[in-house]
Amino acid sequence: MFSYIFMKMLESRPERYDTGINFLSGGHAAKIRKQIVREYVKSGMSLIDIGCGTGLLIDDAAKAGANVKGIDISEGMLKVARKRIEKNGLQDKISIYNAGVVEIGNLFSENSFDLIVSTLVFSELYAEERALALFQIKKLLKPNGKIVIADEIQPDTFFKRTAHFFVRLPLTVLTYIIAQTGTKPLTNISEQVTKSGFLLIKEERSFFDSFVLLTANNSEKINSDKTYLPVAKRSDNDYSILKSIYDYVGRWFPNPVEPGLRIIGNPDRRSPVILTSNFHLTVRRVEKSLKEENLFLLVAPTNGINVWCATEGGDMNTHSVITAIKTSRINERVDHDKIILPQFSASGIDLTLLQRETGRKGLFGPAYAKSIPEYLKDHYSVFKNNKADFSLPFRLEMLLSMNFIIWFVLAIILLFTVPKLILPVSIYFWLTALVLYAAYPAIPGKSGWLKAGVLSIIEVFFLALYSSFMLKMSPFLYWKTMLGITTVNLWLGFDLRGIVAGHPSEAEWLMKKMRMKSFGHIFSAEKQNEGIIHQDINRCNNCRICLMVCPKGVFEMEENKEIRIKHQSECFVCNACVTQCPEDALLLK
């Protein structure tokens, strides 16, 4: 039995994706790919693979004589695909595009393809994405062209669903722990396909009916014009006390809400459109801050991760914003062309591409939701509300959310090994964490590890003094306790500088040195930029976009109204200013 849940973990290692999927599927993934090519690909036909990944299927299809296009939202996967295409000399037969599923309508002309294939993609999409993707696929297919979907589905019978659940569960849990993500098996995919105007030809199931290979025809006799607008949610749709508690104690892990459009108040066709991530805490805070406003709130698919982490990890990008705009059909609901984006998303958004694909002009709002009402009244207020907050309340929130899971795991281990230590270790753990997080600015040292090390030295020193002068025994009498203190402190200091001070992540620096790429959404060594931001003053037109998007206040306006780098030491190289500078006056060296 095989669960495609593991593909989410493998996607963070594109070069190992194919080997991993083939191993975990017992060769089933390769078998399905070859079956698709053998049964449906003909020489001279035009084909597109939606979610082409590392390019194995498009490579086989091109070798079979087809003219092939491939799209994938992951640039990392496409890098591997490009190397494969070049190695096999298939550049003239294959074209690949970095784009989301809902963008295919803008990339290609109607009636362009004889065959459209999608493997292990539809289960990653939410309902509105699937509906829009099928709508666009129908337009892109030639009359009587075929669509082939291969994906994980939910079995029909109780026995098979039960068997599938128990086999899938350990894989799901392990993947969630390692990659902080997962997938959901499709339900009613056949009905969705036929409802979208396709004529179902064949549906093959395998692995306790948990995997489907579905083939449908683009019948000219069936018409399915997309005339309805998706239903917008209200704020109460996502209210959950349990989710809210989990927001605070489990920020290591995603906590998603359904992406899509929400209505706040009573908006009309002139009302603002604001976008955020689909992290539960973020959505709740935005809705709470805007409860007195009348506007549209777009929740982008970011795998349940907050804006800043999702942007730095690549989950919130131009394609996810485009997806939110297209699936909500917000352009049909309002008369203006503006969309207000989170300031912390600036390093991941290409405003030019966004406007070209959606017609919407992106504006970066304030750093936090609480400042949005003021921004709606006065857009210039963004310049005083654009800094990241690393104050004591924020540090205390991070203290709980970043350490509760660790403490809980530690307590469970002690419960089954040395139960009498649970209380003293817990007291020490939280007191030490409180000191490190609350007193972070006052503790000597720049590195989080160094600060934790200083605290360990002080504590070990006093323990040694107590042993020597009070007990008249060896200063290392409590060496096990000293070792435990040091271990706890160094763990609490792990990436402390990045968590509570907004400096480059020490964890990601270490991962990069060890040639590790990422650990889920929490650490991404690939996004760990190195170097210093430089300014070409001859190109700078003093547009102030760098002032707007810099979360650390690196830039200042001088008396002559020229913008200059003034606080280089505060820069943590998020690259937002470089990404958004319209004159290319800023660069990372």
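Up top you'll find the structure we're talking about.
What you are looking at is a predicted structure, and each value in this text was computed from that prediction instead of being measured.

Enquirer: Tell me what's going on with the overall build of the protein, and back it up with residues and numbers.
Expert: Looking only at helices and strands, the protein features 23 helices and 18 strands. Expressed as a percentage of its 589 residues, the buried residues of the protein come to 51%. Relative to all contacts within the protein whose residues are 6 or more apart in sequence, the contacts with residues 24 or more apart total 69%. Entry remark: accessible area of the protein is about 27,900 Å², with carbon and sulfur atoms responsible for 59%.

Enquirer: Just give me the short version of the pattern of salt bridges, but keep the residues and values in it.
Expert: Any two side chains of opposite charge can pair, on the condition that their charged atoms come close. Under the definition given, this model contains 18 salt bridges. One salt bridge connects Lys63 with Asp59, and the closest N-O pair in it is separated by 3.1 Å. Of this pair, Lys63 and Asp59 both sit in helix H4 (residues 56–63), 4 residues apart, which is roughly one turn of that helix. Residue Lys63 is classed as exposed on the basis of its relative accessible area, which comes to 55%. With a relative accessible area of 4%, Asp59 lands in the buried category. With a closest N to O distance of 3.4 Å, Lys142 and Asp114 form a salt bridge. Highlighted residues: Lys142 in strand E5 (residues 141–152) and Asp114 in strand E4 (residues 113–119), separated in sequence by 28 residues.

Enquirer: Tell me about the packing of helix H16 (residues 392–417) against helix H17 (residues 422–438), and name the residues and values.
Expert: H17 packs onto H16 with a crossing angle of 160° between their chain directions and a minimal axis gap of 10 Å. Judged by the angle between their axes, H16 and H17 are roughly antiparallel. The element H16 and its partner H17 pack so that their crossing is right-handed. Here the residues of the contact of H16 with H17 are counted per class, giving 21 nonpolar, 2 polar and 1 charged.

Enquirer: How would you summarise the sheet that holds E5 if you had to cite specific residues and measurements?
Expert: The 7 strands are arranged E3-E2-E1-E4-E5-E7-E6 in an open sheet whose pairing can be described as mixed. Strand pairing shows two members of the sheet lacking a second neighbour, strand E3 (94–98) and strand E6 (199–206), which therefore form its edges. Pairs of neighbouring strands in the sheet enclose a mean axial angle of 15°, with direction left out of account. Pairing analysis gives 5 bridges linking strand E1 (residues 46–50) to strand E2 (residues 67–72), with the strands arranged parallel.

What counts and what doesn't
Residues numbered from 1 in each chain as written. Predicted model: local features only at pLDDT ≥ 70, side-chain atom pairs only at ≥ 80, totals over all residues. Heavy atoms only, no water. Helix = DSSP H or I, 4+ residues; strand = E, 2+ residues; numbered from the N terminus. Buried < 20%, exposed > 50% of the residue type's maximum accessible area, 1.4 Å probe, protein only. Contact = heavy atoms within 4.5 Å. Areas by Shrake-Rupley, 256 points an atom, 1.4 Å probe, with all protein chains shown as cover. Salt bridge = Lys/Arg side-chain N within 4 Å of Asp/Glu carboxyl O. Axes fitted to C-alpha atoms, helices over the stretch in contact; angles between N-to-C directions. Parallel < 35°, antiparallel > 145°, perpendicular 65-115°, else oblique. Left-handed = near helix turned anticlockwise from the far one by under 90°. Nonpolar A, V, L, I, M, F, W, Y, C, P; charged D, E, K, R; others polar. Pairing = 2+ DSSP bridges.

Keep in mind these values describe shape, not function.
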